[in-house]
Every structure is written in C-alpha cells, then in structure tokens.
Amino acid sequence: MLPRVKIDFANGALGAVSPSPDGVLGLICTAVAVASTFNLLTAYKITSLEDLTALGVTEVNNPALYKHVSEFYLEAGTGSKSELWIFGVADTVTLAQMTDSTVVTYARALLQAANGRIRGLIFARKPAGGYTPTVTNGLDSDVFTAVTNAQALCAYSQDTYQAPIFAIIEGRAYTGIAANLTDMRQATTNRVAVLIGDTASDSTHACVGLLAGRIAKIGVQRNIGRMKDGALAIAAAYLKDKKVEVADVAGVHDKGYISIRTFTGRVGYFFSDDPLCAKVSDDYSQLTARRTVDKAYRIAYDTLLDEMLDELPVLPDGTLQPSLVKAWQAKVEKAISLQMTANGELSADPTDPNDRGVQCFIDHTQNVVSTSKVTGTVRVRPFGYSRYIDMSLGFQTITA
C-alpha cells in the first residue's frame, strides 16, 4: 500500500490565508454541441453568463443548459465571477448514467478535469421530445436511481481525489402529489439532495441552477433558506402546475426534499430548507453540516499531507514524543480555525479566547515504529439552526 493520509468521517457526535473556493460547483446537463465552440462530454470553466454565450450556447440552441446557467448567475450575482464548471451530455443520457461512478465518460470526466476544485455537482436532464417518464413514487424513477448512484459518486471523489463533494439531483416529473413521494428522510444517502420546484409553470424540471447560485454565494455554514439573505431572484415559483403559494410545499418538505416557499408578510420566494436524503439523526443530514465538515476535511487533509513520510522522533518503546503530538494537534487546529472559525463558519465561545471551535487529538502512546501509522480525531463544532420558533403571546396582567 502506498503511503498516504486517510481521514474517516465520524458520525453520531452531534446532540491571513487564501479563501477556499467553497462555491465552486459543476453542472452536468443535457445539451447539444455548437459548431466547434461547445462540445459534448467536455468540461468548460466559466465565471459569467457571457462566458457561456461566448461558447455559442444560447437560449435557442440549448434551452435547458442556458436556463440553469442564467439562473445560477442571476442568483449568485452577475458580478460575482462565481466559478461554474459545465458539462453537456446528449438527451439520451439519463440522470442515473450521469451520476454513475463506474462510467468514466460523464461525472468522473468532469471531476478529473476540475482536479478537485469542485465542491458539489448539479444534475439536470432534458430528454428528447416524446419521452415518457416511468413515474414511481411521485417522480421519474430515474431520479431515485440517480440518488443512489450520486452517493457512490461522492464517495469516489473523496477516495480518489481526497475531495469530498455533495450532489443535487433535479426532481424530474413531479406529479404534484406530495403524499406519493418516497420519504427521503428514511434514506442513507447523506451527500445527495433532490430539488422539487421550478420557475416555470407545469414544468417537468427543477430550477437546480437557481439553487446552485444560492449555494455559491453563501458560506458553508449558511442555510440556503436563511431569511436574512433575502428572497430568491425570481418572479414566481411552481410545484408542477401550482404556484408555491397554494401548493403542498409542507408535504414535499416533510418527505425530505428541497423546495421553494413563501412567508406571510414577506415579498418573494425562499428555499424551504436544506435537507439531504438521510435520516434526521444522521450528523450530515443537512447541506450546512455536509459543506461544513467537507471543508474541514479538505483543510485537515492539506495540513497533514505536509507530515507524510517525515521522520518522527519516538520514545524508546516506539511511541510518539508528546511534544510532537502537541505540535501536530496545534497545527491542525490553527489551520481550521484560521480558515473557518475566523470566517464565522464554525461555532466558538467568544468569551473563551482558547476556544477555536475545533479540537484535534492524537494519542501519543501509539507505536508508530511498528505500525508506521498515526491515528487521531478531529472534531469541529457546527452552528445550531432556528428551524422552529415557538413563543407564547398574550396580554400583560393589569393590576389596580
């Protein structure tokens, strides 16, 4: 086995540096080639809608791709220069095929081209005219196969590139009946989310480009539905043929899907929440948790990589010197603190100057001479989220 650094995610625990490209996303979408400027099965990095049109892609020749990219930059901000990798596939390619980690032609090709920069993959499909979806449990059955495949794809990215990612799947062909949907809160695919809802009425698609734009412009710790970030940059939103104002958004949300909603007294539309397809008891069942821990993973990996194959001074029994262990622990904690806690991405006690919101522990009693292995743990402290606010309102007692 080649020397390497390996970090495993632990579950069940919850009850001046260069900025990380946390908002770099990849979009794999149905498209058609445009002369010699835009080819299918080819990765393109863009930073604006103008970059897309410079490739010859227009609303006419590539309506699906153009819509997703335009809504991405509409939400992310036209001047944001947000990095988006696009990858076009033929209309015969299913979502299940796009997300298949055993196929080198689609998502794997994009991940390889981006060389670890991508933090999340977005998948959307526009089949050829006349396509009739096989509807199972309220959606095109292709969606559910894609969810399973995408989880394996995210694991492939982590294992192959040491680059953990998440995936957003377009909730295609929603029937409009939330009760029929598969309960994704019973699934175990904690790197994958499904979006139901679009900016066009009676659409069989979902506005995944809009969702990607919101993800790209907020911190890893921030919920996509946070009210203080303002309404989405859209004029209307629909669940199948109903505006979300009268649709069963609560039913869709309760089944573990991302959707779009409104609030009484507030103008505009907002994402409902950020659930991943996993049980609520899973530490990584929300996109905020997944993005937070993925960023900590990348920082810890990069920090510890400097130590690989280095000479380690040991005690007579082959165990590590405590001073070395303390130095490693401090190095990891400092790196994560500077790149996350200092940016407000981890929760720390402001009254405790020693609290960084991260703890690294390495047992100095392990015999590294006999095993050539150093093991330890890294724990980061996430934020809590006010999903439910209950208050009692009444009259003050009047005394004579």
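As shown above, the structure is provided for reference.
The present account deals with the structure reproduced in this document. (Residues numbered from 1 in each chain as written. Predicted model: local features only at pLDDT ≥ 70, side-chain atom pairs only at ≥ 80, totals over all residues. Heavy atoms only, no water.)

1. Thoughts on the overall build of the protein
In plain terms, the rule: Secondary structure is summarised from DSSP: a helix means a run of H or I of at least four residues, a strand means a run of E of at least two, and numbering begins at the N terminus for each. Just to be clear, the radius of gyration here is over C-alpha atoms, and the globule rule we use is 2.2 Å times residues to the power 0.38. Three exposure classes are used, based on accessible area relative to the maximum for each residue type with a 1.4 Å probe and protein chains only: buried under 20%, partly exposed in between, and exposed over 50%.
When helices and strands are tallied, the protein shows ten helices and 16 strands. For the protein, whose C-alpha radius of gyration is 23 Å, the value lies close to the compact-globule estimate of 21 Å for 400 residues. Dimensions along the principal axes, computed over C-alpha positions, put the protein at roughly 85 × 75 × 40 Å. In the protein, which comprises 400 residues, the share counted as buried stands at 49%.

2. A look at the sheet that holds strand 3 (residues 84-89)
We count it as follows: At least two bridges found by DSSP between two strands is the condition for calling them paired. Only C-alpha atoms enter the line fits that serve as axes; for helices the fit covers just the stretch in contact. Angles between N-to-C directions range over 0 to 180 degrees. Here a residue-residue contact requires only that any non-hydrogen atoms of the pair lie within 4.5 Å.
With mixed pairing, the six strands of this open sheet are ordered in space as 2-3-1-4-7-9. Pairing within the sheet leaves two strands with one partner each, and these edge strands are strand 2 (43-46) and strand 9 (192-195). Each neighbouring strand pair of the sheet contributes to a mean axis angle of 20°, computed without reference to strand direction. Relative to strand 7 (residues 166-170), strand 4 (residues 120-124) is paired through four bridges, and the arrangement is parallel. Residue Phe-123 lies in a different strand from strand 7, and its bridge partner there is Ile-169. Those strands touched by helix 2 (residues 63-76) are strand 1 (25-30), strand 2, strand 3, strand 4 and strand 7, and its axis lies near 155° from that of strand 1. Most of the contacts of helix 5 (residues 141-161) go to strand 7, to which it runs at about 165°, and overall it touches strand 4, strand 7 and strand 9.

3. Here's the deal with the side chain of Arg-172
Selection rule: Whenever two N or O atoms come within 3.5 Å, that pair is a polar contact, provided that in protein one can donate a hydrogen and the other can accept it, and provided that, for residues adjacent in sequence, both atoms are side-chain atoms.
Within the element layout of this structure, Arg-172 appears in the loop between strand 7 and strand 8 (188-189). For Arg-172, a relative accessible area of 4% gives the class buried. Here Arg-125 takes part through its backbone oxygen, which lies 3.2 Å from a polar atom of the side chain of Arg-172. Engagement of the side chain of Arg-172 in a polar contact is seen with the side chain of Asp-140, the distance being 2.9 Å. In this structure, Arg-172 is in contact with Leu-95, Arg-125, Pro-127, Tyr-131, Leu-139, Asp-140, Val-143, Thr-204 and His-205, ignoring residues within four places of it in sequence.

4. Considering helix 5
The criterion, for reference: The span one expects for a helix is its residue count, reduced by one, times 1.5 Å.
Under the 1.5 Å per step criterion, the end-to-end length of helix 5 is 30 Å for 21 residues, consistent within 8% with the ideal 30 Å. The positive-phi residue at the C-terminal boundary of helix 5 is Gln-162, with phi of around 55°.

5. Quick word on the environment of Gly-230
Of note, Gly-230 is situated in the loop between helix 6 (208-217) and strand 10 (238-239). Separated by 204 residues in the primary sequence, Gly-230 and Gly-26 have C-alpha atoms spaced 24 Å apart. Excluding residues within four positions of it along the chain, Gly-230 makes contact with Arg-214 and Phe-270.

6. Regarding a nonpolar patch on the surface
This is how it is decided: Like-charged residues within 9 Å of one another, or nonpolar side chains (Val, Leu, Ile, Met, Phe, Trp, Tyr) within 5 Å, are grouped into patches, provided each residue has over 30% relative accessible area and no salt bridge. Every accessible area reported is derived by Shrake-Rupley at a probe size of 1.4 Å, with residue values counting cover from the shown protein chains alone. Any carboxyl oxygen of Asp or Glu that lies within 4 Å of a side-chain nitrogen of Lys or Arg is treated as forming a salt bridge with it.
A cluster of nonpolar side chains, namely Leu-305, Met-308 and Leu-309, defines an oily patch on the protein surface of about 270 Å² accessible area. By secondary structure assignment, the location of Leu-309 is in the loop between helix 8 (287-305) and helix 9 (322-339).

7. A word on the pattern of salt bridges
Across all of its chains, the model carries 18 salt bridges by this definition. We note a salt bridge from Arg-226 to Asp-229, for which the minimum N-O separation is 3.0 Å. Among the salt bridges present, the one from Asp-306 reaches Lys-331, with a minimum N-O distance of 3.9 Å. Note that Asp-306 is positioned in the loop between helix 8 and helix 9 and Lys-331 in helix 9, a separation of 25 residues in sequence. Under the relative-accessibility criterion, Asp-306 is labelled exposed at 57%. On the basis of relative accessibility, which here comes to 34%, the residue Lys-331 falls in the partly exposed class.

8. With respect to the nonpolar core
Here is the rule we go by: By nonpolar core we mean a set of buried residues, namely Ala, Val, Leu, Ile, Met, Phe, Trp, Tyr and Cys, connected to one another through side-chain atoms within 4.5 Å.
Of all hydrophobic cores here, the largest spans 91 residues; its most connected members are Val-69, Ile-86, Phe-123 and Ile-169. Of the residues forming this core, the biggest block, eight residues, is contributed by helix 5. If sequence neighbours within four positions are ignored, Ile-86 has contacts with Leu-27, Phe-38, Thr-42, Ala-43, Tyr-44, Ile-46, Leu-52, Leu-55 and Val-69. Of all hydrophobic cores here, the second largest spans 19 residues; its members include Leu-324, Val-325, Met-340 and Val-368.

9. Digging into the packing of aromatic side chains
Spelled out, the test is: Two rings belonging to Phe, Tyr or Trp (six-membered ring only in the last case) form a pair when the distance between their centres is within 6.5 Å. Interplanar angles under 30 degrees mark stacking, angles over 60 mark edge-to-face geometry, and anything in between is tilted. Two thresholds decide whether a charge sits over a ring: the Lys NZ or Arg CZ must be within 6 Å of the ring centre and within 35 degrees of the ring normal.
Under the defined criterion, the tally for this structure stands at four aromatic pairs. For the cation-ring pair, Arg-125 lies above Tyr-131, with the distance from its terminal atom to the ring centre recorded as 4.8 Å. Seen from the ring of Tyr-284, Arg-290 lies directly overhead, with NZ or CZ sitting 4.7 Å from the centre.

10. Comments concerning the state of the cysteines
Basically, it comes down to this: Defined by distance alone, a disulfide is two cysteine sulfur atoms within 2.5 Å.
Under the counting rule described, the total for this entry stands at zero disulfides. Left without a disulfide partner, Cys-29 is nearest to the cysteine sulfur of Cys-207, which lies 13 Å away. Here Cys-277 is not disulfide-linked; the sulfur of Cys-154 is the nearest cysteine sulfur, at 11 Å. Taking the relative accessible area as the measure of exposure, Cys-277 reaches 0% and is therefore buried.

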